[in-house]
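# Residue-level structural notes
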Amino acid sequence: MSAESQMKALKKYRWPLTGALLGVLVFLAVYGVRVLDPTSVDWILNSLSPDPIQHYLGWELFRRSPVHLPYIGANYNAVYPFRTSVLFTDSLPLAALFFKLLGGILPTRFQYFGWWGLLCYALQGGLAQAVIARIAGVQPTFGRDDKSKAAIAIIMSPGQTAKLWGSVLGAGVLVLFPALTIRMFAHTALAANWLVLLALYLWLRSDELMPTTRRACLIWGGMGLLCAGIHLYYLPMVGLVLVGYAVRRALQKRGPAAVLAPIAAFCAAALAELVLLGAFAVNFAGYSNGYLSGADYFGLFVPWLAQGWEQIVYAGLGTTLAVVLALACAAVHFSKAKAFFAAHRDWLIAGVVVLVLDLIAAGGNTVTVAGHTLFTVPIPQPLMDFWAMFSSCARLAWLAGMLLAVVGCGLVLRFWEGDNRAPAVLLAVCAAAQGWGLRQTLYNQWSYFHAAGFYQNNSQLRDPAWDDIAASGKYSHLAFATFDFEHNEFWDLVDFAADHGWTSNSFYMAHMDGNLAAVTLPGELNELSADTLYAFIDEDELARNSYGLHYYRLDGILIGSVEPIDGIEEEPAPETPGCEMNLTRSDVINGDISGDGVTLTTGGEMMTEEWTLFPGRYRVTLTGSGFDHSYIYARYGLINQETYKLDIDFTGIDPNEMTFEFTATEMLHYWRTAVHTLDDANVTVNSVTVEKVG
């Protein structure tokens, strides 16, 4: 492209590029530049949330996984020897596939998530500006009188220029959209809110970009590929925008093909890609959680109404202000607004359909408004099973929030009369309000990502013997005794395996049947293999005397090997293996957790963390005070299935120490000890120790 052509292209797209630049500047201000180093991965492994670690290690295991057609997205290294998909580690499948092709030239440690974040912010800003300008009716127009293909005549008045700057400032409301900030580098794939903005932009320009049904099928089919290749939750959100497109085509009486064919193309393209990614051919798949986490509709405007992390749908203070200003402008210039909506009746109807359908989908079958559940709608089980694939359905309300934001900003610019600089100032105020309302989250992000320690190697695996084990060439597999990813040691060990091209028998995936994994993975110890390094974390150490392995302890982690490991001293087998439970992981009702343990008050209840126990005889010792005012028992059972109380024998009874024993004739999954108060006296639990005595 010649310099002249480049300049003309910059002039043509300078306003969306300005919006994109705004997004880039916000990203760099909040997250800095160190996340952009593709060889820097420690900031991911040090994340406060395990999700980014899952995304990165999912990619690392996938990049070295063998390829077996037709499932090009299948991952055979993450839950070896079973098959999963890069889709369910939320590792941005399209990016993972691209960089897998370059695997031979990439460094040992390589991450693309930092640049993905920058891209998301840039596209969020650029597309938000383009959508707002389109709604405002102030986008540059290009003359067609000159037949030269290189000629671009931008027709613009000073008033348009002011409003175009206003559209850039309005884009700041979307750049600071809460879902983008909250999800970035926490659930990174869900920061692709720009996919919704892209769908809105294509819809708004559909008369120009999709003059034929064939072109519409190609474009919407491409959107299906993008959504399926980034994150599944964008399929319903973008799909609802497509419904709006179809409704408008129906109102235009374009015929059944124009209405239905693009929807079919979108679904077919997404489905084909999901098949290739191995979405329907994974082991341990649990596609339906059987429940819906719906949104509170007022939560779009009131941040504290969210009942949990997954139900945060707040669209921001700036979005609320933009909507209020748009309504005020429409009221003041009622005749102008009335004429506008009358001229765009088909758009209005289609937009309302999208908004209503989105709120229905996001609300789930329990309708909640302003913190109050109004009613629950019973729905057929097949529909529930399908809907529950998107069990965190509150996320779908992000579409409604972004739709309100861009429409609000766009209509402020369109309906304002008089000084065209005034609406730009108002939208600058909206963007500032959006940032102000998000100030604590932005500060927290800034603090994390500008702390030097965030970029240091904080792995627990410090002993040089780890490198010697990897260099020996004897091992190619890592096997955990049980399925448990709730420990820092777990992620450090998987990172070690991924770095050296080993497989791991355990990993965490989205839509995973944890019960099936918990039952299956301990089978690794049934047939021991010399090329496998076995890891025993926490309660798994209780089973060490049951298996003929050579045991070693490195950095506090117990590992086992069929063959002796040269140069490392074996750890003698304890006569009675024991392990203390982490009380900070307990579930407590009417009580407090501190560093000293758990204190229960009237009506108090404590359930310890969940363990997996191998068959054998166990002794459990609780220390504390007030046990003569408590009821103690133990139970086990798979998630969402019937639980069973164990027959236990108390061998020691004292107000300050209780001891009981029981026999496990089979694997006990999700075993827990419970303590309940019986009266008004406080009960304190300082420790719970479990020993395998036989």
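Described in the following lines is the structure provided in the data block. As the structure is a computational prediction, the values presented were derived from the model and not from experiment.

### Concerning the packing of helix 4 (residues 50–63) against helix 5 (residues 93–101)
Helix 5 packs onto helix 4 with a crossing angle of 40 degrees between their chain directions and a minimal axis gap of 10 Å. Here helix 4 is positioned oblique relative to helix 5, judged by the angle of their axes. The two elements helix 4 and helix 5 meet at a crossing, and its hand is right-handed. In this structure, helix 4 uses Trp 59, Phe 62 and Arg 63 to contact helix 5, whose residues at the interface are Ala 96, Leu 97, Phe 99 and Lys 100. When its residues are assigned to classes, the contact of helix 4 with helix 5 shows five nonpolar, no polar and two charged.

### Some thoughts on the nonpolar core
Ranked by internal contacts, the top residues of the largest apolar core, which has 169 residues, are Leu 174 and Trp 220. Excluding anything up to four places from it in sequence, Leu 174 contacts Gln 124, Ala 128, Ile 132, Leu 180, Leu 197, Met 402, Ala 405 and Val 406. Counting 39 residues, the second largest nonpolar core, distinct from the first, contains Leu 613, Tyr 636, Met 658 and Leu 668.

### Let's talk about the sheet that holds strand 7 (residues 477–480)
What the five strands build is an open sheet, ordered 8-7-9-11-10; its pairing is mixed. Looking along the sheet, the strands with just one partner apiece sit at the ends: strand 8 (503–504) and strand 10 (550–554). Sheet topology note: the strand 9 (residues 532–536)/strand 11 (residues 557–561) ladder contains three bridges and is antiparallel. Residue Tyr 534 lies in a different strand from strand 11, and its bridge partner there is Gly 560.

### Let's talk about the side chain of His 487
Looking at the secondary structure, you find His 487 in the loop between strand 7 and helix 22 (488–499). Within the structure, the side chain of His 487 is placed 3.0 Å from the side chain of Arg 585, a separation counted as a polar contact.

### Let's talk about the packing of aromatic side chains
Tallied over the entire structure, the rule returns 43 aromatic pairs. With a centroid separation of 5.3 Å and 65 degrees between ring planes, the pair formed by Trp 59 and Tyr 112 is classed as edge-to-face. Of this pair, Trp 59 sits in helix 4 while Tyr 112 sits in the loop between helix 5 and helix 6 (113–136), and the two are 53 residues apart along the sequence. Overall, Trp 59 belongs to the buried group, its relative accessible area being 0%. Taking the centre distance of 5.3 Å and the plane angle of 80 degrees together, the rings of Tyr 233 and Phe 390 count as edge-to-face. Separated by 157 residues along the polypeptide, Tyr 233 in the loop between helix 11 (213–228) and helix 12 (234–251) and Phe 390 in the loop between helix 17 (381–387) and helix 18 (397–415) bring together distant segments of the chain.

Parameters and conventions
Residues numbered from 1 in each chain as written. Predicted model: local features only at pLDDT ≥ 70, side-chain atom pairs only at ≥ 80, totals over all residues. Heavy atoms only, no water. Axes fitted to C-alpha atoms, helices over the stretch in contact; angles between N-to-C directions. Helix = DSSP H or I, 4+ residues; strand = E, 2+ residues; numbered from the N terminus. Parallel < 35°, antiparallel > 145°, perpendicular 65-115°, else oblique. Left-handed = near helix turned anticlockwise from the far one by under 90°. Contact = heavy atoms within 4.5 Å. Nonpolar A, V, L, I, M, F, W, Y, C, P; charged D, E, K, R; others polar. Core = buried A, V, L, I, M, F, W, Y, C linked by side-chain atoms within 4.5 Å. Buried < 20%, exposed > 50% of the residue type's maximum accessible area, 1.4 Å probe, protein only. Pairing = 2+ DSSP bridges. Polar contact = N/O pair within 3.5 Å; in protein donor to acceptor, adjacent residues only side chain to side chain. Phe/Tyr/Trp six-rings, centres within 6.5 Å; stacked < 30°, edge-to-face > 60°.

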